[in-house]
Amino acid sequence: MAPFTFFDHTGDIGVDLSAPTASGLFSLAGLALFEAIADTSGVRPMVVRKLQIAADSQEELLNRFLSALLVIFDDERLLLPHVAIHEMDGRSLRATAAGERFDPELHEGRTELKAVTWHALHVSRQNGLWTARVVFDV
Amino acid sequence: MELNRISDCVWEIPKTGAMRVPGRIYADRRLLDIAKGDKALDQVVNVATLPGIVKWSLAMPDIHWGYGFPIGGVAAFDLDEGVISPGGVGYDINCGVRVCKTGLRFEELEGKHKKLVNALFSAVPAGVGGDSAIGRVSKVDGARIVTEGARWAVENGYGVPSDLDHTEDGGRMPGADPAAASDTAFRRGLGQVGTLGSGNHFLELDRVTDVYGPEAERVFGLRPGDVVLLIHCGSRGFGYQICDENVHDFVKIAGRYGIDLADRQLACAPASSPEGKRYLAAMACAANFAWVNRQVIMTLAGKAMTDCLGKTVEPELIYDVCHNIAKIEDHDVDGVMKTVIVHRKGATRAFPAGHPLTPAKYREVGQPVLVPGDMGRSSFLLTGLPGAMKETFGSTCHGAGRLASRGEMNRRMAGVDIQGELAALGVTVRGKTRSSLAEEMPSAYKDANVVTEVMETAGISKRICKFVPFAVVKG
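About the criteria used
- Residues numbered from 1 in each chain as written.
- Chains lettered and ligands numbered in written order.
- Predicted model: local features only at pLDDT ≥ 70, side-chain atom pairs only at ≥ 80, totals over all residues.
- Heavy atoms only, no water.
- Helix = DSSP H or I, 4+ residues; strand = E, 2+ residues; numbered from the N terminus.
- Buried < 20%, exposed > 50% of the residue type's maximum accessible area, 1.4 Å probe, protein only.
- Contact = heavy atoms within 4.5 Å.
- Areas by Shrake-Rupley, 256 points an atom, 1.4 Å probe, with all protein chains shown as cover.
- Lys, Arg positive; Asp, Glu negative; His and termini not counted.
- Charge placed at Lys NZ, Arg CZ, Asp CG, Glu CD.
- Pairing = 2+ DSSP bridges.
- Axes fitted to C-alpha atoms, helices over the stretch in contact; angles between N-to-C directions.
- Phe/Tyr/Trp six-rings, centres within 6.5 Å; stacked < 30°, edge-to-face > 60°.
- Lys NZ or Arg CZ within 6 Å of the ring centre and 35° of its normal.
- Core = buried A, V, L, I, M, F, W, Y, C linked by side-chain atoms within 4.5 Å.
- Buried area = accessible area lost by both parts, 1.4 Å probe.
- Salt bridge = Lys/Arg side-chain N within 4 Å of Asp/Glu carboxyl O.
- Polar contact = N/O pair within 3.5 Å; in protein donor to acceptor, adjacent residues only side chain to side chain.
- Parallel < 35°, antiparallel > 145°, perpendicular 65-115°, else oblique.
- Nonpolar A, V, L, I, M, F, W, Y, C, P; charged D, E, K, R; others polar.
- Expected span 1.5 Å × (residues − 1).

Caption draft 1: The overall build of chain B, seen in detail. From N to C terminus, chain B includes 15 helices and 19 strands. Its C-alpha atoms give chain B principal-axis dimensions of roughly 60 × 50 × 50 Å. Buried residues in chain B amount to 66% of all 475 residues. Considering only contacts in chain B between residues 6 or more positions apart, those separated by 24 or more positions represent 76%. By element, 49% of the accessible surface of chain B is carried by carbon and sulfur atoms, the whole surface being about 15,500 Å². Charge separation in chain B, taken as the distance between the mean sites of 55 positive and 56 negative side-chain charges, equals 3 Å.

Caption draft 2: Seen up close, the pairing of strand 7 (residues 96-105) of chain B. Residues and elements named next belong to chain B. Burial runs high along strand 7: eight of the ten residues are buried. Pairing of strand 7 with strand 9 (residues 226-233) involves seven bridges; the strand directions are antiparallel. Following the sheet pairing, Val-97 is matched in strand 9 by His-232. Pairing geometry for strand 7 and strand 11 (residues 316-322), over six bridges, is antiparallel. Looking across to strand 11, one finds that Gly-96 is bridged to Cys-322.

Caption draft 3: Molecular detail of the sheet that holds strand 2 (residues 10-13) of chain B. Residue and element names in this part refer to chain B. The mixed open sheet is built from seven strands, whose spatial order is 1-2-3-4-5-13-12. Looking along the sheet, the strands with just one partner apiece sit at the ends: strand 1 (4-7) and strand 12 (324-333). With direction set aside, neighbouring strand axes in the sheet form an average angle of 30°. Taken together, the six bridges between strand 4 (residues 53-67) and strand 5 (residues 69-78) define a ladder with antiparallel strand orientation. Residue Ile-53 lies in a different strand from strand 5, and its bridge partner there is Phe-77.

Caption draft 4: Molecular detail of the packing of aromatic side chains. Residue and element names in this part refer to chain B. All told, the structure shown has eleven aromatic pairs over all chains when counted by the stated rule. Between Phe-106 and Phe-470, the aromatic rings sit 5.0 Å apart at their centres with planes inclined by 70°, giving edge-to-face as the arrangement. Placement of Phe-106 in the loop between strand 7 and helix 3 (113-123) and of Phe-470 in strand 19 (residues 461-474) is noted, with a sequence separation of 364 residues between them. Look at Phe-470 and you get buried, because its relative accessible area is 1%. Between Trp-152 and Tyr-158, the aromatic rings sit 6.4 Å apart at their centres with planes inclined by 20°, giving stacked as the arrangement. Tyr-158 gets classed as buried once you look at its relative accessible area, which sits at 17%. Taken together, the ring pairs in this structure connect Phe-186, Phe-238 and Phe-289 into an aromatic cluster. The residue whose ring lies beneath Lys-55 is Phe-393, and the NZ or CZ to ring-centre distance is 5.7 Å. One Lys or Arg, Arg-207, reaches over the ring of Phe-106 and ends 4.7 Å from the middle of that ring.

Caption draft 5: Just the pairing of strand 9 of chain B, in detail. Residue and element names in this part refer to chain B. Along strand 9, eight of the eight residues are buried, which leaves the element largely enclosed by surrounding structure. Side chains of strand 9 alternate between two faces, with Asp-226, Val-228, Leu-230 and His-232 and Val-227, Leu-229, Ile-231 and Cys-233 buried alike. When strand 8 (residues 202-211) meets strand 9, the two strands line up antiparallel, connected through six bridges. Within strand 9, the position partnered with Arg-207 by the bridge is Val-227.

Caption draft 6: How the structure looks around the nonpolar core. By size, the foremost hydrophobic cluster in this structure holds 130 residues, and its most contacted members are Leu17(A), Leu33(A), Ile37(A), Phe65(A), Leu66(A), Leu203(B) and Phe238(B). No other element matches the 21 residues that helix 10 (residues 274-309) of chain B contributes to this core.

Caption draft 7: Just the sheet that holds strand 5 (residues 92-101) of chain A, in detail. Residue and element names in this part refer to chain A. The strand order across the open sheet built from three strands is 3-5-4, with neighbouring strands paired in antiparallel fashion. Both outer strands of the open sheet, strand 3 (47-54) and strand 4 (78-88), are each paired with one neighbouring strand and no more. Averaged over all adjacent pairs, the angle separating strand axes in this sheet is 25°, with direction ignored. When strand 3 meets strand 5, the two strands line up antiparallel, connected through eight bridges. Bridge pairing links Arg-49 to Ala-97 in strand 5. The sheet strands contacting helix 2 (residues 58-76) are strand 3, strand 4 and strand 5, and the helix crosses strand 3 at an angle near 145°.

Caption draft 8: Just the interface of chain A and chain B, in detail. In this assembly, 35 residues from chain A lie in contact with 43 residues from chain B. When chain A packs against chain B, close to 3,300 Å² is buried across both sides, 48% of that on carbon and sulfur atoms. Applying the counting rule to chain A against chain B returns twelve salt bridges. Among the salt bridges present, the one from Arg64(A) reaches Asp244(B), with a minimum N-O distance of 3.0 Å. Put simply, chain A and chain B have 22 residue pairs in polar contact (both at pLDDT 80 or more) between them.

Caption draft 9: Molecular detail of the packing of helix 4 (residues 139-148) of chain B against helix 10 of chain B. Residues and elements named next belong to chain B. Between helix 4 and helix 10, whose axes approach to 6 Å, the crossing angle comes to 100°. It follows from the interaxial angle that helix 4 and helix 10 lie roughly perpendicular. On the side of helix 4, the interface is formed by Ile-145, Val-146 and Thr-147, while helix 10 contributes Ala-284, Cys-285, Asn-288, Phe-289 and Val-292. Residue composition of the contact of helix 4 with helix 10, by class: six nonpolar, two polar and no charged.

Caption draft 10: Just the pattern of salt bridges, in detail. Counted by the stated rule, this structure contains 47 salt bridges over all chains. Arg136(B) is the partner of Asp75(A) in a salt bridge, and the nearest nitrogen-oxygen pair spans 3.3 Å. A residue pair is termed interchain when its members come from two chains, as with Asp75(A) in helix 2 and Arg136(B) in the loop between helix 3 and helix 4. Several salt bridges share partner residues, and in doing so they unite Arg402(B), Arg406(B), Glu439(B), Glu440(B) and Lys474(B) into one network.

Caption draft 11: Layout of helix 10 of chain B. Residues and elements named next belong to chain B. For helix 10, built from 36 residues, the straight-helix expectation of 52 Å at 1.5 Å per residue is met to within 8% by its first-to-last C-alpha distance of 53 Å. Within helix 10, 28 of the 36 residues are buried, which leaves it mostly tucked inside the rest of the structure. Just beyond helix 10, the residue with positive phi is Gly-310, at close to 70°.

Caption draft 12: Just the environment of Leu437(B), in detail. Residue and element names in this part refer to chain B. Of note, Leu-437 is situated in helix 14 (residues 434-438). Look at Leu-437 and you get buried, because its relative accessible area is 4%. Setting aside chain neighbours within four positions, we find Leu-437 in contact with Met-375, Ile-418, Gln-419, Val-429, Arg-430, Gly-431 and Lys-474.

Caption draft 13: Structural view of the side chain of Ser395(B). Residue and element names in this part refer to chain B. Tracing the chain through its elements places Ser-395 in strand 17 (residues 395-396). Using a relative accessible area of 0% as the deciding quantity, one classes Ser-395 as buried. In this view, Ser-395 contacts Met-60, Val-74, Val-342, Arg-344, Thr-348, Arg-349, Ala-350, Ala-388, Met-455 and Ile-460; residues no more than four positions away in its chain are not counted.

Written out as structure tokens, the structure reads:
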């Protein structure tokens, strides 16, 4: 199974993710968010942003984490696909996300994301594999 | 799912299970079959379970699968006993459309379409990461924008005072409180005033091809061959953030208010609760931001056309409508006038002739309604009819309605000469990316002609003019 796969949702974009660890899953989710926004293949880790998120559930934690990354993009125009989760339990995480400022001459823009929705959101672990589904509002 | 035929274009989902009211769908048989193809009708049912909903959970003929509420959904809730749902408004609060006269005739622009498209594309920031052409506005101006709405724009040189008369709510939703919007919302939005965004947002020049009665010229001053400017966008990151934060908060507090949610995206709170009132105050801020955004874009577009053509083009606003909004309005509920909160998520207000909230200029014909179709076929100017007050809380459709997903369109358009296909339809187009055009090709949408015809047959809204695009900018 590919680590993440975008799927169709009428007017929007969804992504299915899988990873051997919860922290790997969250790192991938961060990358997928920025891949939906732009081609991140040439994005270098020039600047770093620290994130600290707390939530009441693993799903809320993923929603809040991705929403925080989206705010950074809108506010600072930073593509931060190099995500590292440093500490994480089911209710909180500490992470860094690295990348560079979006430059339309260098990075192929794809689509603007309005939000990370709660629609069909799930995070689970089965047979040693962590999976998640997230739908982005376009 | 059981569906009872009420008329040729109205269908009812009977009240069953946790539904508090029946569902009603406006569609002909073909559109109904399309709606059955995804989960939009299940979402009509889910909305019908929310506390305080009155009469019906409604779906317009442009309905498609959203999250929580369907796109094309209308629902009214009792102000005292009902709820307010941020998801029932949508992330893009006061996403809407405006149409402006340009004073130009189609024939005088022959050979200039490409030049015009390039001028508009350069003047109005669009797509991913588009920086505002007017720079990042200050926090002080930000607070004024979200409080004063379109009036701020006019006072700062973006438009003229008569624009306010031709904007829903005068371009200013009352009750806006900047303290109800987070610093994060301001951070996301202050650099985006006067930007189009991406997705289905657009800026385009259309020609009037058909008029359906003498009021087109007498009231709206539109004749076949006239060129109009259409703008479709909303409250940008400011509104998205307000919705996001409130959906998140309301998911957590729904249980405290004894609300059982069929879908977390339906998160809601009593409209009379502190949380409900706070969301309404923040939503009004975003509505005002969106009107400023469209006002600034209209001005930028007018300047670009002036520079491009070497003659003064001052867009004259015909009307500006919201199609993602919740409004406190008075409506007849089973013979009793009640104050309700009408959620229109992908639906447009369509008050009939004589309604006091319709601007004086249009009161004899009803509130103007703008229904953008797709970038290859047609869009429509409509007015509300009396049936809207009886059946749909004064609401009608908002667009053609999506038929194919973005992924499906990218697959279908692989290897296709997109610009060539649109050129064959007489449309010159420019988008930020190939996929942004592929995803918005005409075949991605239902036919706005059919959708608006359903609402006319149902006695909800009436077509005044048809517009056909020839110069299109996509985000």
